[in-house]
Amino acid sequence: MLRFDATKLVLTHAGNSPIVGNLGPTTDELWHAGHRDRNFYTYGNMGLCSSIALGMAVSTDEKVISLDGDGSLLMNLGAIATIGRERPRNLVVVVWDNEQWGQTGHQDSHTAKGTDLEQVAQSCSIPNTATVRDLESLDDVMQKAMTEDGPWFIVAKIEEQGYMPVSPIEPEMTLYRFRNSFSE
Ligand SMILES: Cc1ncc(C[n+]2csc(CCOP(=O)(O)OP(=O)(O)O)c2C)c(N)n1
Ligand SMILES: [Mg+2]
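Residues numbered from 1 in each chain as written. Chains lettered and ligands numbered in written order. Predicted model: local features only at pLDDT ≥ 70, side-chain atom pairs only at ≥ 80, totals over all residues. Heavy atoms only, no water.

### Re the site of ligand 1
The local shell around ligand 1 holds 17 residues, among which Asp 70, Gly 71, Ser 72, Asn 98 and Gln 103 are the closest. Asn 22 is positioned with one of its side-chain polar atoms (N or O) 3.2 Å from an oxygen atom of ligand 1. Between ligand 1 and Gln 103, the relevant distance is 2.6 Å, taken from an oxygen atom to a side-chain nitrogen or oxygen of the residue. Relative to its unbound accessible area of 590 Å², ligand 1 is 74% covered by the protein chains. (Near = heavy atom within 4 Å. Polar contact = N/O pair within 3.5 Å; in protein donor to acceptor, adjacent residues only side chain to side chain. Areas by Shrake-Rupley, 256 points an atom, 1.4 Å probe, with all protein chains shown as cover.)

### Quick notes on the pairing of strand β7 (residues 128-132)
Alignment of β7 against strand β8 (residues 152-157), held across 5 bridges, turns out to be parallel. Considered in β8, the bridge of Thr 129 is made with Phe 153. For the handedness criterion, the β-α-β arrangement of β7, helix α7 (residues 135-147) and β8 is classed as right-handed. (Pairing = 2+ DSSP bridges. Helix = DSSP H or I, 4+ residues; strand = E, 2+ residues; numbered from the N terminus. Right-handed = clockwise from strand over helix to strand, strands pointing away.)

### Description of the coordination of the magnesium ion (ligand 2)
Protein-derived ligands of the magnesium ion (ligand 2) are Asp 70 (OD), Asn 98 (OD1) and Gln 100 (O), with the metal-ligand distances lying across 2.1 to 2.2 Å. For the magnesium ion (ligand 2), the single-chain donor residues occur in sequence as D-x27-N-x1-Q. Taken together, the positions of Asp 70 in helix α4 (residues 70-74) and Gln 100 in strand β5 (residues 100-101) put the pair 30 residues apart, joining distant regions of the chain. Gln 100 shares its class with Asp 70; the two are buried. (Donors = N, O, S within 2.8 Å, 3.2 Å for Na, K, Ca; no water. Buried < 20%, exposed > 50% of the residue type's maximum accessible area, 1.4 Å probe, protein only.)

In structure tokens, the structure reads:
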């Protein structure tokens, strides 16, 4: 499953829900798949994507989607424990798991060596978890995640592909645009 195809699929389920994108190609592909005011792109901040999404989820009743990365989440595994502790019903975490720190040289991450992030989430009391390997399964679980209470923690095994052009790096604009989208 290519991350770009999977990103486009997530967008078909997202409606107007906020989506937080992990740094690098995840954010770039989200921008190319469908730039929208409710996309919150992150730049440089490894390990904080799902923490930012958690903060959003406890501040709104809308579903909030985090598109995280395996290597980034591994830097901040405590985020999973905090999600399990707070258990916001509206949070949907999707981890794009290519089993690599892809963008810094394709080094194997821990998930290539036996770490199972779904099991970590389960052991942190996150009630709804899945690991998916194809678009059909991702489609099914996103359907549930967007309509049933969470939190949801979905590990999506994806393949590396050529990188797309970098999306515009405008952190201040991103924040301004994203915040304003809640007052419309
Ligand atoms: C605190 C910190 N350490 C290291 C980096 C350098 N860095 C940027 S992206 C990245 C790898 C991210 O891996 P993952 O989240 O799995 O995304 P992928 O590249 O596989 O899409 C690293 C090590 C960083 N940005 N911040
Ligand atoms: Mg990765």
